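Structure assessment
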Amino acid sequence: MKIRLVTPAGPSDRNGNSITALRWARILVRLGHRVFVDASYRGEACDLLIALHARKSAPSIRLFNKQHPDLPLIVALTGTDLYRDLRTSAAARQSLDLATRIIVLQSQALAELPRRRRRKTRVIYQSASQVNGAPRRSDAFKVCVIGHLRAEKDPMRTAMAARLLPASSTLRIEHVGRPLNERSERQARAEMRRNPRYRWLGELPHWKTRRLLASSDLLSLTSRMEGSANVLSEAIASSVPVAASKIPGLIGTLGKNYPGYFTVGNTRALARLLRRAETDRRFYRALKSHCARLRPLVDPWREREAWKNLLSEIS
């Protein structure tokens, strides 16, 4: 098949949707299809449209359906569209009505959809290959934060929690992420000046980010809203445990009984969790063991098979 894959930010932008789109494109090419990735659909010939984000891709979805009402259309719910836009945007809801199939990225997402839409929805967990990082330091407990500096990510929460740790703590934070405006950049630089535990690295190439993650003792994932998170799959694949905000988009991958949750936006709760992970070896091993059991969920073979089965349904 000739497949058009639309991600609103475009394939060159280093955000979660672009990473997902490019990974899916590689999977689909390996399955024998021709794939073109772009920021929008403008009427190009194809046999299938896959659109990420129900609201932002709504114009592309409508145009494709108008021009090719008999061809299959897949809409992937990736985050803010699932947990915000479906409640407020008629365009986002229409995208799901027009879709032949809907993709969600973790099991808890199904609860957000009415029953009539669940029947055509498939869960495809985001996969990641294992990456080895540099040997971990014995004189510091290294925590990484990976996410652009935008409100949905609550990007400074880990730094704020680190300020509450005792002087004996060796915890150090390395934060990778692009500032979306001058205000967020000023905030990150000001935090580095006042907080010796925190270092903001700005945006890095994906391969460097993955190596940094793999060499960390812990990933701190503080999002207020997620459809899922590529970085969570990457942490699991590289045997890095996670301190995670307790939101559906993360519970759907980590499970309800994961011991490393904290309440969204609760700085003191996160500080307690970070300190416990640093000092309580039994607790830290429990986090690692839980994440290790999840590795089959993020296996690239599993994601490839999920796409193979989905395409066989609609062809």
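Residues numbered from 1 in each chain as written. Predicted model: local features only at pLDDT ≥ 70, side-chain atom pairs only at ≥ 80, totals over all residues. Heavy atoms only, no water.

1. Focus on the layout of surface pockets
So the rule is basically this: Only protein atoms enter the calculation, which uses a 1 Å grid: trapped sets of points that fit a 1.4 Å probe without letting it out are cavities, open sets showing protein on both sides within 12 Å along at least five of seven lines are pockets, and any residue with an atom within 4 Å of a point is a lining residue. Grid points are joined across faces, edges and corners, and a volume is the space filled by probe spheres set on the points. Per the convention used, a helix needs a DSSP run of H or I reaching at least four residues, while a strand needs a run of E reaching at least two, with both numbered from the N terminus.
Within this model, the largest pocket holds a volume of roughly 850 Å³. Lining the largest pocket we find 44 residues, and of these N15, G16, N17, R150 and K153 sit closest to its centre. Among the elements of the structure, α1 (16-30), α3 (80-88), α8 (206-214) and α9 (230-237) are those that each provide at least two residues to the lining of the largest pocket.

2. A look at the pattern of salt bridges
Our working rule: Any Lys or Arg side-chain nitrogen located within 4 Å of an Asp or Glu carboxyl oxygen qualifies as a salt bridge. Between buried and exposed lies partly exposed: a residue is buried under 20% and exposed over 50% of the maximum accessible area for its type, with that area taken using a 1.4 Å probe on protein chains only.
Scanning the entire structure with this criterion turns up 23 salt bridges. Close ionic contact of R84 with D85 constitutes a salt bridge, the shortest N to O distance being 3.8 Å. By relative accessible area, D85 is classed as buried at 4%. A salt bridge links R178 to E203; its shortest N-O distance comes to 3.2 Å.

3. Concerning the environment of H290
Heads up, the rule is: Between two residues, a contact is recorded if the distance between any of their heavy atoms is within 4.5 Å.
Within the secondary structure, H290 is located in helix α12 (residues 281-293). H290 sits 48 residues away from V242 along the chain, and the two C-alpha atoms are 9.9 Å apart. In this view, H290 contacts L254, N257, Y258 and P259; residues no more than four positions away in its chain are not counted.

4. Considering the packing of aromatic side chains
One pair of aromatic rings is described through two measures. These are the centre distance and the angle between the planes. In plain terms, the rule: The criterion for an aromatic pair is that two Phe, Tyr or Trp rings (for Trp, the six-membered ring) have centres within 6.5 Å, with stacked assigned to planes under 30 degrees apart, edge-to-face to planes over 60 apart and tilted to the rest.
By the definition in use, this model includes 4 aromatic pairs. Here W24 and W307 contribute two aromatic rings whose centre-to-centre distance is 5.1 Å and whose plane-to-plane angle is 70°, an arrangement assigned as edge-to-face. Linking W24 in helix α1 with W307 in helix α13 (residues 300-314), this pair joins segments that are 283 residues apart in sequence. Assigned by exposure class, W24 and W307 land together as buried. Here Y258 and Y261 contribute two aromatic rings whose centre-to-centre distance is 5.5 Å and whose plane-to-plane angle is 80°, an arrangement assigned as edge-to-face.

5. Structural notes on unusual backbone geometry
The phi dihedral of H53 is positive, around 80°, even though this residue is not glycine. Here H53 shows up in the loop between β3 (48-52) and α2 (58-67). Phi at S239 is positive, roughly 60°, even though this residue is not glycine. Among the secondary structure elements, S239 is positioned in the loop between α9 and β11 (242-245).

6. A few points about α12
This is how it is decided: Expected helix span is given by 1.5 Å per residue-to-residue step, counting one fewer step than there are residues. By definition, the arc is the one covered by directions from the helix axis to the C-beta atoms. As used in this structure description, the phrase polar contact means that two N or O atoms lie within 3.5 Å; if the pair is within protein, one of them must be able to donate a hydrogen and the other to accept it, and residues adjacent in sequence are counted only when both atoms belong to side chains.
Here α12 contains 13 residues, and its C-alpha end-to-end distance of 18 Å stays within 8% of the 18 Å for a straight helix at 1.5 Å per residue. Three or more residues of α12 are buried, namely F283, Y284, L287, H290 and C291. Looking down the long axis of α12, one finds its buried residues gathered within 125° of arc, a one-sided arrangement. Structural note: α12 exposes R282, R285 and R293 on the side pointing more than 90 degrees away from its buried face. If you follow the buried residues of α12, they end up packed against β7 (141-146), β10 (218-221), α9, β11, α10 (248-254) and α11 (267-279). For α12, the side-chain oxygen to backbone nitrogen distance between the N-cap and R282 is 3.2 Å, and the N-cap itself is D280.

7. Topic: empty space enclosed by the protein
Formally: Gly counts as polar in this scheme, as do all residues outside two lists: the nonpolar Ala, Val, Leu, Ile, Met, Phe, Trp, Tyr, Cys and Pro, and the charged Asp, Glu, Lys and Arg.
Applying the stated criterion across every chain yields a total of 2 cavities of 30 Å³ or more. Approximately 60 Å³ is the volume found for the largest cavity. If you go around the largest cavity, the residues you meet are V145, I146, G147, K153, P155, S220, L221, T222 and S223. The set of elements that each furnish at least two residues to the lining of the largest cavity consists of β7 and β10. Residues belonging to the lining of the largest cavity are distributed by class as follows: 4 nonpolar, 4 polar and 1 charged. Estimates place the volume of the second largest cavity at around 30 Å³. What lines the second largest cavity is simply R4, L5, V6, F36, D38, S40, Y41 and E44. Among the secondary structure elements, those contributing two or more residues to the lining of the second largest cavity are β1 (2-6) and β2 (34-38).

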